[in-house]
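# Observations on the three-dimensional arrangement
Now for the letters of each chain:
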Amino acid sequence: MKDTAKSSAEQRPNLLFIMSDDHAAHAIGAYGSVINKTPNLDRIANDGIRFDNCFCTNSICTPSRAAILTGTYNHVNGVTTLVTHMDNGLPTFPKQMQAAGYQTAMIGKWHLGHGPTHDPTGFDHWRVLPGQGHYHNPVMLEGRADGSGYEVVERGGYVTDLITEDAIDWLDQCDSDRPWMALVHHKAPHRHWEPSRTHALLYDDIDIPEPETMFDDHETRANVVKAMEMRLMDLDPITDLKAPVPKGLNRTEEIKWRYQRYIKDYLRTIASIDDGVGRLLDYLDTTDQADNTIVVYTSDQGFFLGDHGWFDKRMMYEESLQMPLLVRYPNRVDAGLVEDSIVLNVDFAATFCELAGVEPPAGQQGSSFLPLLLGKKPDDWQTSMYYRYWMHRDNDHNVPAHYGVRTLTHKLICYYNDPLDQPGASGPIDPVEWELFDLEIDPLETTNVIDDPVYASVQIELKTELGRLQDRVGDTPIA
Ligand code: CA
């Protein structure tokens, strides 16, 4: 490596962006998990910064991925639901970095559609799972070098291990005189939670602690929330839990049994992710690239881990809304930082581009949180966020369409309950309902105080703020 080239490479950092699918922050050691250990993910937090209020703007896979790549909200990028695949002609941060001379790769779960208008773009190399992909012996699709579609790659192995190995293989062949950017997207811990053989018996002889709200009665919640079909009792015993329900259990006993079956497999798949992250961090150490590489760990959204009696995501409630976000960059970011300012998935593109010294994608709507990484919070940093879930009463979970605002202290949700002809949305238009939570005295969101007169003025303020945010991002109020 020439000295001049090396100093140039040192000025421009590499970016290793590791994203899992449905990994809730409360299943990460660094976030205080009481249900599992993640020593390698914790390395990123210990050597870098942990964000405690990172939120998605639509808690579902495809839309959140589009928001991350483009830095735009889903009403702008058009990826409102699971079945609205992303137009790969949109400006994205990988395209910006590729155009600026970065070596770029996308490895793992894409989930933004396939074909000429949806395949990955902005990457020198891509090898992705078709759709959701499989846990065991997964087929993958590898883009041809001449840009004419893809080859099908078939081999044996466990998906998380293969994605990790593919990432290391690609890093190994990179030129050392140019910076690189790798998106490493894991399928795990997405439903139906199939562990590797290595971790198949992990937790077999213990009970995992139950969440405090597992028997939440949902009494004060909106009617459409009470009707959702993502309770532990809605899990399929065979496909989800891999065993028939034992005979003779009462309802409480059955919920407890279902929780253990569900959470153990969920956590087993995370154990493989943690192993893989450890291998990637070790690789950066042994190749002397750790100091000048930004390592990011996140998930496309959160997940209910039996919280409120639910699994899945989609909702604006905390467990689903929160994304884990750990960032390590020894050359510029101090070790052991914790940041509670609000950052969003739409902020990632602007941040990565600023770190790389390139222009953000055209039309992006986020705010670079580079100042937060450097411990220099701007006085006018955002103190509220806008959320919108479009996929009204989808066939699987019966979750209502809603939007809302979260501040540092409160959350207001409007269930506008209209499919609005969105692909993948269905069902009748239901009456509009509202919920309000006081996060300071009720952080677990067990009591909706929308009808409590004590909160009358707070409610007015939040409705005003919701309207202000909708106006700012260019979305249209329904109710
Ligand atoms: Ca997901």
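Conventions we followed
- Residues numbered from 1 in each chain as written.
- Predicted model: local features only at pLDDT ≥ 70, side-chain atom pairs only at ≥ 80, totals over all residues.
- Heavy atoms only, no water.
- Pairing = 2+ DSSP bridges.
- Helix = DSSP H or I, 4+ residues; strand = E, 2+ residues; numbered from the N terminus.
- Axes fitted to C-alpha atoms, helices over the stretch in contact; angles between N-to-C directions.
- Donors = N, O, S within 2.8 Å, 3.2 Å for Na, K, Ca; no water.
- Tetrahedral: all angles 85-135°; square planar, octahedral: opposite > 155°, others 65-115°.
- Buried < 20%, exposed > 50% of the residue type's maximum accessible area, 1.4 Å probe, protein only.
- Phe/Tyr/Trp six-rings, centres within 6.5 Å; stacked < 30°, edge-to-face > 60°.
- Lys NZ or Arg CZ within 6 Å of the ring centre and 35° of its normal.
- Core = buried A, V, L, I, M, F, W, Y, C linked by side-chain atoms within 4.5 Å.
- Domains from an automatic or database assignment.
- Contact = heavy atoms within 4.5 Å.
- Buried area = accessible area lost by both parts, 1.4 Å probe.
- Salt bridge = Lys/Arg side-chain N within 4 Å of Asp/Glu carboxyl O.
- Polar contact = N/O pair within 3.5 Å; in protein donor to acceptor, adjacent residues only side chain to side chain.
- Nonpolar A, V, L, I, M, F, W, Y, C, P; charged D, E, K, R; others polar.

## Thoughts on the sheet that holds strand β9 (residues 293–299)
- Pairing is mixed in the open sheet, where ten strands are placed in the order β7-β6-β5-β4-β8-β1-β9-β10-β2-β11. Since the sheet does not close on itself, it has two edges, and those belong to β7 (150–153) and β11 (337–339), each with one partner. Pairs of neighbouring strands in the sheet enclose a mean axial angle of 15°, with direction left out of account.
- Examined bridge by bridge, strand β6 (residues 140–143) and β7 share four bridges and lie antiparallel to one another.

## Overview of the coordination of the calcium ion
- Those protein atoms acting as donors to the calcium ion are Asp21 (OD), Asp22 (OD), Cys61 (SG), Asp300 (OD), Asp300 (OD) and Gln301 (OE1), and they sit at 2.1 to 2.6 Å.
- Angles of 52 to 164° at the metal separate the six donor atoms of the calcium ion, which places the site in the irregular class.
- Spacing between the donor residues of the calcium ion along the chain follows D-D-x38-C-x238-D-Q. Placement of aspartate 22 in the loop between β1 (14–20) and α2 (39–47) and of glutamine 301 in the loop between β9 and α9 (318–321) is noted, with a sequence separation of 279 residues between them. This pair shows no difference in class: aspartate 22 is buried, exactly as glutamine 301 is.

## Considering the packing of aromatic side chains
- Under the definition given, this model contains 21 aromatic pairs.
- Plain terms: the ring middles of phenylalanine 304 and tryptophan 310 are 5.2 Å apart, the flat faces sit at 70° to each other, and that makes the pair edge-to-face. In this pair, the class of phenylalanine 304 matches that of tryptophan 310, namely buried.
- Site record: aromatic cluster; members linked through ring pairs are Phe17, Phe51, Phe93, Phe348, Phe352 and Phe369.
- The ring of tryptophan 434 is capped by lysine 463, whose NZ or CZ atom sits 4.4 Å from the centre of that ring.

## Details of the pairing of β6
- Alignment of strand β5 (residues 125–129) against β6, held across two bridges, turns out to be antiparallel. Following the sheet pairing, valine 128 is matched in β6 by leucine 141.
- Joining the antiparallel neighbours β6 and β7 is a turn of six residues, in which glycine 147 adopts a positive phi near 80°.

## A short note on the nonpolar core
- Of all hydrophobic cores here, the largest spans 110 residues; its most connected members are Phe51, Phe93, Tyr262 and Tyr266.
- Two domains each provide a minimum of three residues to this core, namely domain 1 (14–196 + 261–379) and domain 2 (386–473).
- Other than its neighbours up to four places away in sequence, phenylalanine 93 contacts Leu15, Ile68, Leu69, Met181, Leu183, Ala349, Phe352, Cys353 and Pro361.
- One finds Leu16, Tyr31, Val184 and Tyr283 within the second-largest nonpolar core, a separate group that totals 36 residues.

## A word on the domain arrangement of the protein chain
- As far as domains go, the protein chain holds domain 1 (14–196 + 261–379) and domain 2 (386–473).
- Here the C-alpha centroids of domain 1 and domain 2 sit 27 Å apart.
- Buried surface at the junction of domain 1 and domain 2, summed over both partners, amounts to about 2,400 Å²; 61% is from carbon and sulfur atoms.
- Taken as a group, Arg314, Met316 and Tyr317 account for 31% of the area that domain 1 buries against domain 2, more than any other trio of residues on that side.
- The tally of links between domain 1 and domain 2 comes to three salt bridges.
- Its salt-bridge partner being arginine 406, residue glutamate 318 comes within 2.8 Å of it at the nearest N-O pair.
- For the pair domain 1 and domain 2, the number of links is 20 residue pairs in polar contact (both at pLDDT 80 or more).
- Elements supplying a minimum of two residues to the side of domain 1 that touches domain 2: α4 (74–77) and α9.
- A class-by-class count of the residues in the side of domain 1 that touches domain 2 yields 13 nonpolar, eleven polar and six charged.

## Here's the deal with the side chain of serine 272
- Position of serine 272 among the secondary structure elements: in helix α8 (residues 251–286).
- A polar contact is formed between the side chain of serine 272 and the side chain of serine 196, at a distance of 3.4 Å.
- Sequence-distant contacts of serine 272, defined by excluding residues within four places in its chain, comprise Tyr158, Thr160, Ser196 and His199.

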